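Tertiary structure, described
Residues per chain, in single letters:
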Amino acid sequence: MTASALSVHTGVLDKAARGERLNAAEIEALYHLPLPDVAAVAHGLRLQRRDPQLVSFLIDRNINYTNICNVGCNFCAFYRTRRQGDSYTLDHGQISHKIRELEEVGGTRILLQGGVNPELGLDYYIGLLRHVKANHPTIRIDAFSPEEVLFMEKTFGLSLDDLLDTLIGAGLDGLPGAGGEILEDDVRARAAPARIRSDDWFRIIDAAQRKGLYTISTMVIGFGETYAQRTAHLLKIREQQDHANASYAGNGFSGFAMWTLQTEHTRLHGKAPGATAHEYLQQLAIARIALDNVPNIQASWPAQGFKVAQAALYYGANDLGSTMLEENVVSAAAGHDRHSATVRELIRSAVDAGFIPVIRNSRFEIIERPDVEAYLQRTAANPEAERAVGAV
Ligand code: SF4
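The structure displayed is predicted, hence computed values, not measured ones.

Structural notes on the overall build of the protein
- The helix and strand inventory of the protein stands at 16 helices and 10 strands.
- Here the C-alpha atoms of the protein give a radius of gyration of 20 Å, agreeing with the 21 Å that 2.2 N^0.38 yields for 392 residues.
- Oriented by its inertia axes, the alpha-carbon framework of the protein measures out at about 65 × 50 × 45 Å.
- Counting all 392 residues of the protein, 47% fall into the buried class.
- The contacts in the protein between residues at least 6 apart in sequence include a share of 77% that link residues at least 24 apart.

What follows is the structure, given as C-alpha cells:
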C-alpha cells in the first residue's frame, strides 16, 4: 500500500470508528480496504450501538399465501403461473394450521407474503388479516411486500393511504421491506424488468412508517452491481431513516437484513456473479458502518448457512434473524433444502460465538431470556437436536 493510500485507509476507518457519518466516497473506499480492518471497526460500532453481550432472534414463520405471481423476476424460483400444476393459494384453514404449529413452539409473528396473484381481490387480503387476528390474537402479522401493495393500489382503486388504513383496520401490524434487493433501477431493470422501481418502494415504505407500521430494510448483493450502486443503496436507506426518525417519531426501519443472490433454478443462473462469503461479510460490515441510524443488523442463515451467519456476529451483526419455520422464496433458489432453523440451532450459534441469546419480537424488543442449558442439553431423541448447527 502506498503512503497516500495508507493515509486514506486510516482516515476513513478512524472517522468511522469515532462514529462519525461517512459520505458516499468514504463508504465506497471501504470496499477497497482489508476486510479484517473494516470488520474490526464494524464490530466495535456494533458493541457500542447494541448490548455487547446479547444476540437476539425471533421465533416466527413465513407463510407464502400464494405462489402465483405475474411479476416474473428473473431471480425467482418460487413463483408459478396460474396454469402450472403446483401453483396454489392457501385458504384460511391451511393458514390457521400453519399458525397453530408456530404457536406450539412459542412463536409470536408471521411473515405473510405471496406472489402478486392477479386473481385475488381486496376481500381476500382483508379476510385473511381478519381471520388471523380473530383466531390467533397473540400473533403479530407483518405482511405484504411493497410489490404486493403496489399491485393492490393499482388494482383496487384506493389511494395508498386508504389502502394501508384498510389493511391496518383488518389487522396488519407491519410491512416488511422485502423486494429491496439493490434500490438502483439499472440493477433492478436487468434482474427483473417488471419489478417495483425504487421510487415506489420508498413511497410505500414511507407511507407505512408514517402510519406507525413496522418496517425493515433489505439488500441483496450478487447481481453484478457496482460498489457505487451498493453505496447508493445504503445511502438511500440512511436518508429514509433520517426522514422517518425526524418526521415519524422514530418509526423508521427496525433493522437491516442482507443476503446474497441465490440463482439455482432461475433464469439468472450462470448469468449473475453471485457473491462469496467474503463479499457477504464485507458488505455486512460496510452496512454496519454506513447505516449509523439503523440499530439492528441481521445475519442471514437461510442464504449463508449457520456457519457464515455465526461469523457475521463479528462483522457488525447483532441479530440472527428468525427461525422462519418455513421459508420458501430464498430457499427455492438456494440449492439446499433448509427452510427453517430450530430455536436450539440459533441459541447454539449465539452461545458458541460468545454471546447470550435472547428472544425478541419483530420490533427487536426482548421478550424472553431462554434457558440456554436446557436447550443445549437436548439429545438426539429430541427432533430439535437432530439437526445440529452446520450438520445439514
Ligand atoms: S420475487 Fe416475488 S414478485 Fe418476483 S417473481 Fe418471485 S414472488 Fe413474484
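Text resumes after the structure shown.
Re the site of the ligand
- The ligand sits among Cys69, Val71, Gly72, Cys73, Cys76, Phe78, Tyr79, Gly115, Val116 and Glu147.
- Residue classes in the shell around the ligand are distributed as 7 nonpolar, 2 polar and 1 charged.

Quick notes on the UniProt feature "binding site: [4Fe-4S] cluster" (unreviewed entry) in the protein
- UniProt feature "binding site: [4Fe-4S] cluster" (unreviewed entry): in the numbering of this structure it lies at Cys69, Cys73 and Cys76.
- Structurally, Cys73 is set in the loop between β2 (60-64) and α4 (92-104).
- The class of Cys73 is buried, set by 22 C-beta atoms lying within 10 Å.
- If near-sequence neighbours (up to four positions away) are discounted, Cys73 is found in contact with Ala191, Ala192 and Arg195.

Describing the packing of α4 against helix α5 (residues 122-135)
- Where α4 meets α5, the axes come as close as 11 Å, and the angle between the chain directions of the two elements is 45°. When the axis of α4 is compared with that of α5, the two are oblique. You can see that α4 and α5 cross each other, and the crossing is right-handed. Contacts between α4 and α5 involve His92, Ile95, Ser96 and Ile99 from the former and Leu128, His131, Val132 and Asn135 from the latter.
- A class-by-class count of the residues in the contact of α4 with α5 yields 4 nonpolar, 4 polar and no charged.

Let's talk about the UniProt feature "domain: Radical SAM core" (unreviewed entry) in the protein
- UniProt's entry tags residues 55-307 with the feature "domain: Radical SAM core" (unreviewed entry), counted in the numbering of this structure.
- Secondary structure content for residues 55-307 is 44% helix and 13% strand, while the C-alpha to C-alpha distance between its ends is 15 Å.

With respect to the pairing of β2
- Most of β2 sits out of view: 4 of its 5 residues are buried.
- The sheet contact formed by β2 and strand β3 (residues 109-113) spans 5 bridges and is parallel. Opposite Asn64, over in β3, you have Gln113 as the bridge partner.

As for the packing of α5 against helix α7 (residues 160-170)
- Running from N to C, α5 and α7 point in directions that differ by 30°, and their axes come no closer than 8 Å. Here α5 is positioned roughly parallel relative to α7, judged by the angle of their axes. Counted together, Tyr125, Ile126, Leu129 and Arg130 of α5 and Thr166, Leu167 and Ala170 of α7 form the full contact between these two elements.
- Class assignment of the residues belonging to the contact of α5 with α7 gives a composition of 5 nonpolar, 1 polar and 1 charged.

Some thoughts on the environment of Gly274
- Looking at the element boundaries, Gly274 is found in the loop between β6 (255-260) and α11 (277-290).
- The partly exposed category is assigned to Gly274, around which 17 C-beta atoms lie within 10 Å.
- In sequence terms Gly274 and Gly222 are 52 residues apart; their C-alpha atoms lie 3.7 Å from each other.
- Sequence-distant contacts of Gly274, that is, excluding residues within four places in its chain, are made with Gly222, Thr260, Leu261 and Thr263.

Focus: the sheet that holds β2
- The 3 strands are arranged β2-β3-β4 in an open sheet whose pairing can be described as parallel. Each edge of the open sheet is held by one strand with a lone partner, namely β2 and β4 (140-143). Taken pair by pair, the neighbouring strands of this sheet meet at an average axis angle of 25°, ignoring direction.

Cut-offs and rules
- The written sequence of each chain sets the order in which its residues are numbered from 1.
- Selection of residues for local features in this predicted model requires a pLDDT of at least 70, selection of side-chain atom pairs for listing and counting requires 80 or more, and totals for whole chains, interfaces and linings are taken over all residues.
- Helix and strand assignments come from DSSP, with helices taken as H or I runs of at least 4 residues and strands as E runs of at least 2, each series counted from the N terminus.
- The globule rule is 2.2 Å times the number of residues to the power 0.38, and the radius of gyration it is compared with is taken over C-alpha atoms.
- Using C-beta atoms placed from the backbone, we call a residue buried if 20 or more other C-beta atoms fall within 10 Å of its own, exposed if 12 or fewer do, and partly exposed for counts in between.
- Throughout, a residue-residue contact means that the two C-beta atoms, derived from backbone geometry, are no farther apart than 7 Å.
- In this entry, near means the residue's backbone-placed C-beta atom lies within 6 Å of the molecule or strand.
- Each residue gets one label: Ala, Val, Leu, Ile, Met, Phe, Trp, Tyr, Cys and Pro are nonpolar, Asp, Glu, Lys and Arg are charged, and the others, such as Gly, are polar.
- UniProt positions are given in the numbering used here, feature names are shortened, and annotations may be inferred rather than shown by experiment.
- To define axes, lines are fitted to C-alpha atoms, for helices over the stretch in contact only, and angles between the resulting N-to-C directions are given on a 0 to 180 degree scale.
- For classification, angles of less than 35 degrees are called roughly parallel, those exceeding 145 degrees roughly antiparallel, those between 65 and 115 degrees roughly perpendicular, and all remaining angles oblique.
- In this scheme the crossing of two helices becomes right-handed for a clockwise turn of the near helix relative to the far one and left-handed for an anticlockwise turn of less than a right angle.
- Two strands pair under a simple rule: DSSP has to find at least two bridges between them.

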